Amino acid sequence: MRRVIPGLIAAALALTSGLTHADTLRMECPPSKEGRQFCNEIKQQFEAQTGNTLAFIDLPPASNEKLSLFQQLFAAKDSGAIDLFLADTVWIGVLNKHLLDLTDSVSSLRTEVFPAALQNDVVNGRVKAIPAYMDTGALYYRKDLLEKYHEQPPVTWSDLTRTATRIQQGERDAGHKNFWGLVFQGKAYEGLTCNALEWVASQNGGSFIDSQGNITINNARAAQALDMAAGWIGKISPPGALGYMEEESRPVFQNGDALFMRNWLYAYTLAEDPTSPIRGKVAVMPLPKSDDGVSVSAMGGWHWAISAYTKNPQAAIALLKIVSSVQSQKKALALMGWAPSRTALYEDPQVLAQAPFLADFKGIFMHAVPRPATQTRRQYAQVSNAIYNTTYNVLSGNSDGASAVVALQQRLEIIKAKGWR
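Residues numbered from 1 in each chain as written. Predicted model: local features only at pLDDT ≥ 70, side-chain atom pairs only at ≥ 80, totals over all residues. Heavy atoms only, no water.

Peer 1: Please explain the pattern of salt bridges as it appears in this structure.
Peer 2: A pair can form between side chains of opposite charge whenever their charged atoms are brought close. Counted according to the given criterion, the structure contains 16 salt bridges. The closest approach of N and O atoms between E47 and K43, which form a salt bridge, is 2.7 Å. Taken as a pair, E47 and K43 lie in helix α2 (residues 33-50) at a separation of 4 residues, close to a single helical turn. For K43, a relative accessible area of 24% puts it in the partly exposed group. Each of E151, R162 and R166 takes part in salt bridges that share partners, so that together they form one network. (Salt bridge = Lys/Arg side-chain N within 4 Å of Asp/Glu carboxyl O. Helix = DSSP H or I, 4+ residues; strand = E, 2+ residues; numbered from the N terminus. Buried < 20%, exposed > 50% of the residue type's maximum accessible area, 1.4 Å probe, protein only.)

Written out as C-alpha cells, the structure is:
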C-alpha cells in the first residue's frame, strides 16, 4: 500500500497541474462512461450558472486506497487537488477536520433528504457532507416459496427462524438437498459489523456506541442477539457463511439455493436480471426485529463533501447544490443506478416508472441506522475491527454472547482511552 499511494498522489496532482486559476474547481468523477456523462452535464450547468470552470479528477476505485489518498492530500492541506468529492458513509468522522462546514449553506436540503443519512454527516452539531445516494441492508425473500408453503414474510427473527427451518426441510425433502433457509455476510470484515449492528439494535441491545460516544454493548439483549445469529450456523445457514461477503452470499440466493438473504440494494437489480433463475420470484422487505424491538438496517451509501482547503468555498457550495438537485439525482439514478437521497423522489412517477423496486426501499431507508463512525472519528477502523472479530468468534462457536459483550466492552474502552479523536 505504501508503495502505491505516492504514485496515486502524483497522478492526482499531475491531472491538476496547469489548472491554477482560482475559479477552476475540481470534482471527483465516477470513472465509468455513464459517470462521465453525468459529470459532463453537471459541468455544463455549473459553468453556465457560475462562470467558473469545472475539471474532473479520477480517483482509485478501491475505497481504502481512496481514503488513504485523501488523508495524505489533506494532511498537506493541498488546495489544488480537489474541491468536491464522494465520501463513504464511515469517512465523515475520520475526515471531519478536513471537510468544509456546510451547516449554514445547506439548510434547505436538511429537510429534503433521509434524516438518518443526514445525521450520519453531522459531527459535533455541524453538517460536514450531504448524502449523494442511499444504500442499506434489507431482507430478500422468495415470495413463490412462501406462497407454496402458505407462510407470511417474517416480522420477527423468531418468525424468520421458524419459517426458514420449515421451508428448508420441505425443499430438501423434495430433492433440493443443498437448499438453505438464510444466507448473510458472516466473514470477519466490515460487512459483519453491519450485520451485527442490525441484529443487536433490532433487539433493543443498542448500537455498540451511542450518539454521544458512550460504549453500550455490554448488555443482555446484545448478548442474546449474537447467540441468536450463532444458532443459525449449520442449521438454517450454511457453515460456509462464515466466509461469505456480499458476493459469496448473493449467488447462493440467486441460484435458487436459499429462502432468505440479507444484502444491499444492488442485489435486487441482479436478482431481476433477465438471466437470473429467480427473476420475478423475489421480494424485499425491512429486516426482522425482536418481539418488542424495531426493524434496523445498517446504512451504506456515499456522500458529497467539500475539502476545507478549497480556494473558492462559494463556488464549491454552488457545485454541491447542483449535484444534489432533484434533476441531478434523477439523472444519477438513470445513468448509474444511484438511489436518490431526496425523500420526495420516492413518490415521483418518473422515478418509480424507471426503478419500481425503489418503492420497497423508502421505508427501509427511512429507518436506516449509521454505524458508530461519526462519533468514533479516526478510531472507527479499530472499533469496527473489534466488533466484527468479536461477532465472528460467537458465530464460529469460539465464544458465547455473554462473554463476547463483556470482552467487546473492554476492548472498546481501551480503544477510546482518553476520548474519541
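Peer 1: For this particular structure, what's the right way to read the sheet that holds strand β7 (residues 138-142)?
Peer 2: In a beta sheet, neighbouring strands pair by backbone hydrogen bonds and run either parallel or antiparallel. Read across the sheet, 4 strands follow the order β8-β9-β7-β10 without closing on themselves; strand pairing throughout is mixed. Strands with a single pairing partner mark the edges of an open sheet, and in this sheet they are β8 (180-183) and β10 (282-285). The average angle at which neighbouring strand axes cross in this sheet is 15°, direction not considered. Summarising the sheet, β8 and strand β9 (residues 258-263) pair through 3 bridges and their orientation is parallel. Along β9, the bridge assignment pairs V183 with M261. Those strands touched by helix α7 (residues 157-173) are β7, β8 and β9, and its axis lies near 135° from that of β9. (Pairing = 2+ DSSP bridges. Axes fitted to C-alpha atoms, helices over the stretch in contact; angles between N-to-C directions. Contact = heavy atoms within 4.5 Å.)

Peer 1: What am I meant to see in unusual backbone geometry here?
Peer 2: Only a minority of non-glycine residues have a phi that is not negative, and only a minority of peptide bonds are not trans. Despite not being glycine, K77 shows a phi value in the positive range, around 50°. Its location among the elements puts K77 in the loop between α3 (63-75) and β3 (84-88). In this structure K77 comes out as exposed when scored by relative accessible area, which is 56%. Even without glycine at this site, N204 takes up a positive phi of about 60°.

Peer 1: I tried to follow the pairing of β7 on my own but got confused; where do I start?
Peer 2: A regular strand places its side chains on the two faces of the sheet in alternate fashion. Taking burial as the measure, the 5 residues of β7 include 5 buried ones, the bulk of the element. Note: β7 against β9, 4 bridges, orientation antiparallel. Opposite Y140, over in β9, you have M261 as the bridge partner. By the bridge criterion, 4 bridges tie β7 to β10 in an arrangement that is antiparallel. Its bridge partner being in β10, R142 is matched across the sheet by V282.

Peer 1: Can you help me understand the pairing of β3 in this one?
Peer 2: Counting buried positions along β3 yields 5 of 5 residues, so the element is predominantly enclosed. Going residue by residue along β3, you find L84, L86 and D88 tucked away on one face and F85 and A87 tucked away on the opposite face as well. Note that β3 and strand β12 (residues 302-306) share 5 bridges and pair antiparallel. Looking across to β12, one finds that L84 is bridged to I306.

Peer 1: I tried to follow helix α10 (residues 246-254) on my own but got confused; where do I start?
Peer 2: Because each turn of an α-helix spans 3.6 residues, side chains separated by three or four positions end up pointing in the same direction. For α10, every residue scored as buried is listed here: E246, S249, R250, V252, F253 and Q254. Structurally, α10 contributes buried residues whose contacts are with β7, β8, α8 (190-201), β9, α11 (266-271) and β10.

Peer 1: Could you clarify how one ought to interpret the state of the cysteines in this entry?
Peer 2: Enumeration over the complete set of coordinates arrives at 1 disulfide. Between the sulfur atoms of C29 and its disulfide partner C39 the distance amounts to 2.3 Å. In this structure the cystine formed by C29 and C39 twists about its S-S bond by roughly 120°; its chirality is therefore right-handed. One end of the pair, C29, is in the loop between β1 (24-28) and α2; the other, C39, is in helix α2, and 10 residues separate them in sequence. (Disulfide = S-S within 2.5 Å.)

Peer 1: I tried to follow the packing of helix α16 (residues 380-395) against helix α17 (residues 401-416) on my own but got confused; where do I start?
Peer 2: In a pair of packed helices, the angle between the axes and the distance between the axes together describe the arrangement. Where α16 contacts α17, the two axes come as close as 10 Å, and the packing angle between them is 165°. When the axis of α16 is compared with that of α17, the two are roughly antiparallel. The two elements α16 and α17 cross, and the hand of that crossing is right-handed. Across from Q382, V383, A386, I387, T390 and V394 in α16, the residues of α17 making contact are G401, A404, L408, R411, L412 and I415. For the contact of α16 with α17, the residue count by class is 8 nonpolar, 3 polar and 1 charged. (Parallel < 35°, antiparallel > 145°, perpendicular 65-115°, else oblique. Left-handed = near helix turned anticlockwise from the far one by under 90°. Nonpolar A, V, L, I, M, F, W, Y, C, P; charged D, E, K, R; others polar.)

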